[in-house]
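Descriptive analysis of the structure
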Amino acid sequence: MTDLRIQRRGVLLGAAAAGLGLASSNSWAQSTWPSKPVTVVVPFPAGGGTDAFARPLAAQFSKSTGKTLVIDNRGGAGGTLGASIASKAAPDGYTLFMGAVHHAIAPAMYPKLDYDIEKDFIPLALLANVPQVLVVNPKTPSTNFKQFLDYIKRNPAKLNYGSAGAGTSHHLAGELFKQQTGTFITHIPYRGAGPALQDLIGGNVDMMFDGLGSSANHIKSGRIKALMVSGPKRNPAFPDVPCASEVGLPDYTVTTWYGLWAPKGTAADVQARIVDEIKRLGTADELKAVWASNGADYGGMTQQQFGAFVSSEVKRWAAVVKASGAKLD
């Protein structure tokens, strides 16, 4: 009997030692992040605003760490499909999620989401914050905002606007515009800002409320025309475009921000490594130039501040959705 107890004790001690060895191995793996390629789920098709920041970030990440940052575009359902996929990824630091303001709007627009942006993700960093801009096809018979607004009022229900999908900031920006100008324009949702912009360039939609991150290059090339940037001041990247306050809409403020999250359960030391790397990337001249050309600011928040900011945005947009009566198309 005594021999049997000794044998059992030996088995238990061996198992405990193996467990400690595994924990030690995991800890070592975490402390060496990244030791292999990292995937970032971008919940919109290529060519949109999220891509405009994700791809330069990926290039700088590879240059800084020697490891590849893979951009995995998973568009659909206003960005919620990609978010759902990312929320179920292994919490090991090798699958991250790059979301946007749309994901603070989604809870008010999609009541049956199978993930919670505040409970199923860990906020890591605010990556960019850019104002939205009203852009139109160059063939539009208006040279400035006042002329365009007069044209909309003379032609109720004739014009339409494209968005990155129902429930995105593009959609809600249009609803706010309708409220504050007393006009009616028809919402046309797409599977991301990229496809919507292509149809705007092609003349298949009349206008769009887009983040400067995805519109900037098209504005500079003349493929689309900017009539107004949201908010109380002009954007340094486009000093000739008037702001909302200047055209008689002092309360029209919509910004498109982009952030980085990790799946719930990601170890604290891995979080710290990722956050440190993101801060370091933001000091690179190459990224500073890209952000400036898109009229964006880089980061500036701690993890805790970013988490609190996301919570405040969820509440803010829920109020906007309720007041506007916006619904999924």
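Details of the packing of aromatic side chains
Across all of its chains, the model carries 16 aromatic pairs by this definition. Aromatic side chains F97 and W261 sit 5.8 Å apart centroid to centroid with 40 degrees between the ring planes, which places their arrangement in the tilted category. Linking F97 in strand 3 (residues 95–100) with W261 in strand 9 (residues 255–263), this pair joins segments that are 164 residues apart in sequence. The class of F97 is buried, set by a relative accessible area of 0%. With a centroid separation of 5.2 Å and 65 degrees between ring planes, the pair formed by W257 and F309 is classed as edge-to-face. Of this pair, W257 sits in strand 9 while F309 is found in helix 11 (residues 303–324), placing the two residues 52 residues apart along the sequence. For W257, a relative accessible area of 1% translates into the label buried. In this structure F309 comes out as buried when scored by relative accessible area, which is 19%.

A closer look at the side chain of S142
With respect to the helices and strands, the residue S142 is situated in the loop between strand 4 (121–136) and helix 5 (145–154). If near-sequence neighbours (up to four positions away) are discounted, S142 is found in contact with Q147, F148, Y151 and K225.

What about the nonpolar core?
Nonpolar side chains in soluble globular proteins tend to end up buried together. Judged by nonpolar contacts, the single largest core of 47 residues is most densely connected at L134, F177, M207, F209, Y252, W257 and W317. Per element, the largest residue contribution to this core is seven residues, and it comes from helix 11. Setting aside chain neighbours within four positions, we find M207 in contact with L134, V135, V136, F148, I152, N160, Y161, G162, F177, I185 and L200. Listed in part, the 31 residues of the second largest apolar core include V42, F53, L57 and L124.

Some remarks on the pairing of strand 4
By the criterion of burial, strand 4 is predominantly enclosed, with 14 of the 16 residues buried. The sheet contact formed by strand 4 and strand 9 spans nine bridges and is antiparallel. What sits directly across from V130, in strand 9, is T256. Where strand 4 lies against strand 10 (residues 297–298), two bridges are found, and the strand directions are antiparallel. Bridge assignment links N129 to a residue of strand 10, and that residue is D297. Across five bridges, strand 4 lies against strand 7 (residues 207–211) in antiparallel orientation. Note that in strand 7 the partner of V135 across the bridge is M208. Pairing between strand 4 and strand 8 (residues 225–229): four bridges, direction antiparallel.

Focus: the environment of Q180
Examined against the element boundaries, Q180 turns out to sit in helix 6 (residues 169–181). A relative accessible area of 32% means that Q180 is categorised as partly exposed. In this structure, the C-alpha to C-alpha distance between Q180 and Y252, residues 72 residues apart in sequence, is 7.8 Å. Beyond its immediate sequence surroundings of up to four residues, Q180 is in contact with L249, D251 and Y252. Among the polar contacts made by the side chain of Q180, one reaches the main-chain carbonyl oxygen of D251 at a distance of 3.4 Å.

With respect to unusual backbone geometry
For residues besides glycine, phi is generally negative; the peptide bonds are generally trans as well. Of note, the amide linkage connecting W33 to P34 takes the cis form, showing an omega dihedral of 0 degrees. Tracing the chain through its elements places P34 in the loop between helix 1 (2–31) and strand 1 (38–42). For A77, which is not a glycine, the phi torsion comes out positive at approximately 55 degrees. Its place among the elements puts A77 in the loop between strand 2 (69–73) and helix 3 (80–87).

Concerning the confidence of the model for the protein chain
Per-residue pLDDT for the protein chain has a mean of 89; in total, 90% of the residues score no lower than 70. Looking over the protein chain, one finds the lowest element-wise mean pLDDT in helix 1, namely 43, and the highest in strand 1, namely 98. pLDDT under 50 marks residues 1–30. Its contacts with residues more than four places away, or in other chains, come to six contacts.

Definitions and limits used
- Residues numbered from 1 in each chain as written.
- Predicted model: local features only at pLDDT ≥ 70, side-chain atom pairs only at ≥ 80, totals over all residues.
- Heavy atoms only, no water.
- Phe/Tyr/Trp six-rings, centres within 6.5 Å; stacked < 30°, edge-to-face > 60°.
- Helix = DSSP H or I, 4+ residues; strand = E, 2+ residues; numbered from the N terminus.
- Buried < 20%, exposed > 50% of the residue type's maximum accessible area, 1.4 Å probe, protein only.
- Contact = heavy atoms within 4.5 Å.
- Core = buried A, V, L, I, M, F, W, Y, C linked by side-chain atoms within 4.5 Å.
- Pairing = 2+ DSSP bridges.
- Polar contact = N/O pair within 3.5 Å; in protein donor to acceptor, adjacent residues only side chain to side chain.
- pLDDT = per-residue confidence, 0-100.

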